[in-house]
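Structural features, examined
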Amino acid sequence: MSRQTIQIDDTLYEYLLGVSLREPEVLAKLRAETAKHPQAQMQISPEQGQFMALLARLMGARKCLEVGVFTGYSSISVALALPPEGRLFALDVDPEATAIARRYWKRAGVADRIELRLGDGTGSLDALLAEGHAGTFDFAFVDADKEGYPAYYERSLTLLRPGGLVAFDNVLRGGRVVDPGAKDSATEAIRAFNRSLHGDSRIDLSMVPIADGLTLARKRP
Ligand code: DHB
Ligand code: MG
């Protein structure tokens, strides 16, 4: 029974949450508000947020990066796991969704730890590199347009310190990665991206089947 990952049905999922989720009230409120958003499916799951917060704590992360903020669930999860002097650079293209995020950063008491940079992800990452941030980040979370993942990966890897970690959301695409009929550009992009990471000797690799699939890549020293 433990030779492959268990299938999680709704009952088992509710159980998992019931015995392990410790969701701060501010995040529960954000989840309720985001549920009304037309792109609500882009929000990460609560146990994924808790898992990333645990990773940040395990690493003693102080300087973090996020590519794709949406309404802020993941940024708050990670920012709450940082020490008070911790910093999170939050990159997104959408001023409306990030207006919700900014409101909740204040409510969560993490607004002073987060720097929002609005604009094209690749351009914002290049700006961080030009500003001298290479090799200084502990943790990065990539959850933006799937076609952009290769560009975000290369830049994130340069921004990470040796031993730093980058996580990629939606690497299973709701199972569409194995559906031969799924030929949309995002799924094709994720398939190619997953394949490229598998052979990439610059990183330690694990694809974690949490939520919609979360790939962890540790930058090898
Ligand atoms: C989509 C994007 C995401 O990052 C996600 O977590 C879920 C869905 C999307 O583009 O549909
Ligand atoms: Mg996502």
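Residues numbered from 1 in each chain as written. Chains lettered and ligands numbered in written order. Predicted model: local features only at pLDDT ≥ 70, side-chain atom pairs only at ≥ 80, totals over all residues. Heavy atoms only, no water.

Our next topic: the side chain of Thr187. The residue Thr187 is located in helix H8 (residues 185-198) in this model. Judged by relative accessible area, Thr187 falls into the buried class, the value being 0%. Among residues more than four places away in sequence, those in contact with Thr187 are Arg173, Arg176, Val177 and Ala182. (Helix = DSSP H or I, 4+ residues; strand = E, 2+ residues; numbered from the N terminus. Buried < 20%, exposed > 50% of the residue type's maximum accessible area, 1.4 Å probe, protein only. Contact = heavy atoms within 4.5 Å.)

Across all of its chains, the model carries 15 salt bridges by this definition. A salt bridge links Arg62 to Glu85; the shortest N-O distance between them is 2.8 Å. In this pair, Arg62 sits in the loop between helix H3 (46-59) and strand S1 (63-67) while Glu85 sits in the loop between helix H4 (73-80) and strand S2 (87-92), placing the two residues 23 residues apart along the sequence. The class for Glu85 is partly exposed, based on a relative accessible area of 43%. A salt bridge links Asp204 to Arg220, with the nearest nitrogen and oxygen atoms 2.7 Å apart. Of this pair, Asp204 sits in strand S6 (residues 203-208) while Arg220 is found in the segment after strand S7 (214-219), placing the two residues 16 residues apart along the sequence. Overall, Asp204 belongs to the partly exposed group, its relative accessible area being 28%. Connected via shared salt-bridge partners are Glu115, Arg117 and Glu131. (Salt bridge = Lys/Arg side-chain N within 4 Å of Asp/Glu carboxyl O.)

Take the nonpolar core next. If you look at the biggest cluster of nonpolar residues, it comprises 35 residues, and the most contacted ones within it are Ile76, Trp105 and Phe139. A per-element tally of this core places helix H5 (residues 95-108) first, with five residues. When sequence neighbours within four positions are dropped, the list of residues in contact with Phe139 reads Met52, Met59, Ala61, Lys63, Cys64, Leu65, Val78, Leu160, Leu165 and Ala167. Counting residues in each nonpolar core, the second largest holds 25 residues, with Leu91, Tyr152, Leu159 and Val171 among its members. (Core = buried A, V, L, I, M, F, W, Y, C linked by side-chain atoms within 4.5 Å.)

Right, let's get into the packing of aromatic side chains. One pass over the full model with this rule turns up six aromatic pairs. For the ring pair Phe89 and Phe137, a centre distance of 5.5 Å and an interplane angle of 70° mean the geometry is edge-to-face. With a gap of 48 residues between them, Phe89 in strand S2 and Phe137 in strand S4 (residues 137-142) connect regions that are remote in the sequence. Per residue, the accessibility class of Phe89 equals that of Phe137, and both read buried. Judged by centre distance (5.7 Å) and plane angle (70°), the rings of Tyr153 and Phe168 are edge-to-face. Placement of the pair is Tyr153 in helix H7 (residues 149-159) and Phe168 in strand S5 (residues 160-169), with a sequence separation of 15 residues. (Phe/Tyr/Trp six-rings, centres within 6.5 Å; stacked < 30°, edge-to-face > 60°.)

With that settled, consider a nonpolar patch on the surface. A cluster of nonpolar side chains, contributed by Ile6, Ile8, Leu12, Tyr15, Leu16 and Val19, occupies part of the molecular surface with about 540 Å² of accessible area. Mapped onto the elements of the fold, Tyr15 is located in helix H1 (residues 10-20). (Patch = residues over 30% accessible without salt bridge, like charges linked within 9 Å, V, L, I, M, F, W, Y side chains within 5 Å. Areas by Shrake-Rupley, 256 points an atom, 1.4 Å probe, with all protein chains shown as cover.)

Moving on, we get to the site of ligand 1. Contacts to ligand 1 come from Gln41, Met42, Asp143, Lys146, Asp169 and Asn170. Contacts to ligand 1 include Asp169, whose side-chain N or O atom sits 3.1 Å from an oxygen atom. Between Asn170 and ligand 1, the recorded distance is 2.7 Å, taken from a side-chain N or O atom to an oxygen atom. Its free accessible area being 290 Å², ligand 1 has 70% of it covered by the protein chains. (Near = heavy atom within 4 Å. Polar contact = N/O pair within 3.5 Å; in protein donor to acceptor, adjacent residues only side chain to side chain.)

Read these as geometric descriptors, not functional statements.
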